[in-house]
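# Structure at a glance
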Amino acid sequence: MKILQVVPSLAKEKGGPTQIILEMVHSLGECGITVEIVTTNDNGSNLLNVPLHQRIEYEKVPVWFFPRFSPPIKDFIFSADLTKWLWQHLADYDIVHTHYLFSYAPTCAAVIATYQRIPYIATPYGMLTEWAINNQRLKKQIYSIIERYNLNRAVAIHCSTAEESKNVEEFNVNTQNIVIPYGIHLPNYQSNAKQCIHKIYNVYSKKKIILYLSRIHYKKRPDLLIKALRKLNEQDYDFHLILAGSGEPDYVNHLKKLVASVGLTKHTSFAGFVTGEDKNLLLQGSDIFVLPSFSENFGVAVAEAMAAGLPVIVTPGVQISPEIAEAKAGLVVEGDVETLADAIATLLNSPHLRHELGENGKRLVSHRYSWKVIAQNLISVYTAIIEGKPLPDHLSNY
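Now for a description of the structure that goes with this document.

### Notes on the environment of Val318
Note that Val318 resides in the loop between strand 15 (312-314) and helix 12 (321-327). For Val318, a relative accessible area of 0% translates into the label buried. Distance in space between the C-alpha atoms of Val318 and Leu82 is 33 Å, their sequence separation being 236 residues. If we ignore the near neighbours within four places in the chain, the residues touching Val318 are Leu291, Ser293, Glu296, Phe298 and Val302.

Here you go:
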């Protein structure tokens, strides 16, 4: 079995999707599957410093990188050399698995796979939610004609949540979809994480740390969190907000001005993009995690927070929110200032509830979001496709 994963970019600033793809390929490889990634050297506003036109080991997985057309068209990421390579080599693989929509590489791979009669699976990454479709609506209305055609010719659509499966059906796609969540690794426990975080960010030891860790983007509504915390600050709640993540400079500056205007400057730290041990320290050293997003396909950062034992507060736009509510791993609230502020206040007032939700979250992640189980589920789907059998109806949750 030889599988090709096609993705437009492995830029770290893409956040969860980049991490998911790399972890997925690594986990499949550990199960004995021959799997490779083909992508561009896109790195946001820069380029990755990697060898091109050859198979290399990148982040412990095999990757082919090809030059991105520069300057890039935002998110489209065209590459003529990638096109040529796909045309010449796609037939070397048993299955093509594309990642993202409304971007050149996965679209091109789907078209070539259809022409060469190679089966392909598509993973949309939440790009068919109502919010996502309405964002840059005109461009996506035009591009949707191509994407709907490609999705209807795929052998399967890989959805990470039941809600995403509904989004695919509402996009008038008749291809069978399979629901397999993304995976999360349980972190190594660090007993001194809280002390370290309070020292790094110069926060008084008894203050509770509220963490936002995600891309700094208006879709994820960090501004709503700031406004909710202004209300709590006026009620003399003692907290410190850490906003961790990268984003467009203009929007980050807008948030900094908002923080200053509502009197939260001394209660807020902008941590920038964090990864590795720095991220683990933040997740394990904070007290509450909040992501009030308009639209979130899976929410890798939310699952990472639960894995670290953090109680989470999310909005219904985070598509794993039903699982969070069912497992009592966090609070799912509507996205308005009053409701969000009340939810944060509830957790600030109750150490017992924070602990209970955090333990439930760790249990949920270890049971449902294990990469080992997810890789086996993907392999069962790949095997059925190669052997020409029906896709499995029941996939393991544990």
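We are not done yet, so read on.
### Examining the packing of helix 7 (residues 193-200) against helix 10 (residues 276-285)
For the pair helix 7 and helix 10, the least separation of the axes is 8 Å and the interaxial angle reads 105°. As judged from the angle between their axes, helix 7 and helix 10 are roughly perpendicular. Between helix 7, through Ala193, Lys194, Cys196, Ile197 and Ile200, and helix 10, the contact on the second element is made entirely by Leu281, Leu282, Gln284 and Gly285. Class assignment for the residues of the contact of helix 7 with helix 10 results in 6 nonpolar, 2 polar and 1 charged.

### Concerning the side chain of Asn360
When you line up the elements, Asn360 lands in helix 14 (residues 351-368). Exposure remark for Asn360: the relative accessible area of 16% places this residue in the buried category. In this structure, Asn360 is in contact with Ala327, Lys328 and Ala329, ignoring residues within four places of it in sequence.

### Some thoughts on the packing of aromatic side chains
Throughout the structure, instances matching the rule amount to 16 aromatic pairs. Look at Phe78 and Tyr104: their rings are 4.7 Å apart centre to centre, the planes differ by 65°, and that puts the pair in the edge-to-face class. You can see Phe78 sitting in the loop between strand 6 (61-66) and helix 2 (80-89) and its partner Tyr104 sitting in helix 3 (residues 104-116), a full 26 residues away along the chain. For Phe78, a relative accessible area of 31% gives the class partly exposed. Residue class for Tyr104 comes out buried when judged on its relative accessible area of 15%.

### Notes on the packing of helix 8 (residues 222-234) against helix 9 (residues 249-261)
Between helix 8 and helix 9, whose axes approach to 10 Å, the crossing angle comes to 5°. With respect to helix 9, the element helix 8 is oriented roughly parallel. Within the contact between the two elements, helix 8 uses Pro222, Asp223, Ile226 and Lys227 and helix 9 uses Tyr251, Leu255, Leu258 and Val259. Here the contact of helix 8 with helix 9 is composed, by residue class, of 6 nonpolar, no polar and 2 charged.

### Points about the sheet that holds strand 13 (residues 268-272)
Here 6 strands make up an open sheet; going across it, the order is 13-12-11-14-15-16 and the pairing parallel. Where the open sheet ends on each side, the last strands, each with one partner, are strand 13 and strand 16 (330-332). Mean inter-strand twist for the sheet, computed between neighbouring axes without regard to direction, equals 20°. As judged from the 4 bridges shared by strand 12 (residues 239-244) and strand 13, these two strands associate in the parallel manner. Residue pairing in the sheet places Ala244 in a bridge with Gly272 of strand 13. Here helix 8 sits on the sheet and contacts strand 11 (208-213), strand 12 and strand 14 (288-291); the angle it forms with strand 12, its principal contact strand, is near 170°. Contacting strand 11, strand 14, strand 15 and strand 16, helix 13 (residues 337-349) crosses the sheet at an angle of about 165° to strand 14.

### Description of helix 13
Helix length check: helix 13 (13 residues) gives 18 Å between terminal C-alpha atoms against 18 Å at 1.5 Å per residue, within 8%. For helix 13, the complete set of buried residues consists of Leu340, Ala341, Ala343, Ile344, Ala345, Leu347 and Leu348. Buried residues along helix 13 sit in contact with strand 11, helix 8, strand 14, strand 15, strand 16 and helix 14.

### Some points on the pairing of strand 2 (residues 34-40)
The buried count for strand 2 comes to 6 of 7 residues, which makes it a mostly enclosed element. Bridge analysis of strand 1 (residues 2-6) against strand 2 gives 5 bridges, and the strand direction is parallel. Among the inter-strand pairings, Leu4 is bridged to a residue of strand 2, identified as Glu36. Assessed by its sense of winding, the connection that carries the chain from strand 1 through helix 1 (residues 16-30) to strand 2 is right-handed. Of the pairings in the sheet, the one linking strand 2 to strand 6 comprises 4 bridges and is parallel in character. Each residue of the ladder has a partner; that of Thr39, found in strand 6, is Phe65.

### Details of the nonpolar core
Ranked by size, the top nonpolar core spans 137 residues in total, and within it Leu86, Phe289, Val302, Met306 and Ile344 carry the most contacts. It is helix 15 (residues 371-386) that contributes the most residues to this core, 9 residues altogether. Apart from the residues lying within four places of it in its own chain, the contact partners of Met306 are Val312, Ile320, Ile324, Ala329, Gly358, Gly361, Lys362, Leu364, Val365 and Tyr369.

Calculation notes
- Residues numbered from 1 in each chain as written.
- Predicted model: local features only at pLDDT ≥ 70, side-chain atom pairs only at ≥ 80, totals over all residues.
- Heavy atoms only, no water.
- Helix = DSSP H or I, 4+ residues; strand = E, 2+ residues; numbered from the N terminus.
- Buried < 20%, exposed > 50% of the residue type's maximum accessible area, 1.4 Å probe, protein only.
- Contact = heavy atoms within 4.5 Å.
- Axes fitted to C-alpha atoms, helices over the stretch in contact; angles between N-to-C directions.
- Parallel < 35°, antiparallel > 145°, perpendicular 65-115°, else oblique.
- Nonpolar A, V, L, I, M, F, W, Y, C, P; charged D, E, K, R; others polar.
- Phe/Tyr/Trp six-rings, centres within 6.5 Å; stacked < 30°, edge-to-face > 60°.
- Pairing = 2+ DSSP bridges.
- Expected span 1.5 Å × (residues − 1).
- Right-handed = clockwise from strand over helix to strand, strands pointing away.
- Core = buried A, V, L, I, M, F, W, Y, C linked by side-chain atoms within 4.5 Å.

Note that every value here comes from positions in space, so none of it alone points to a role or purpose.
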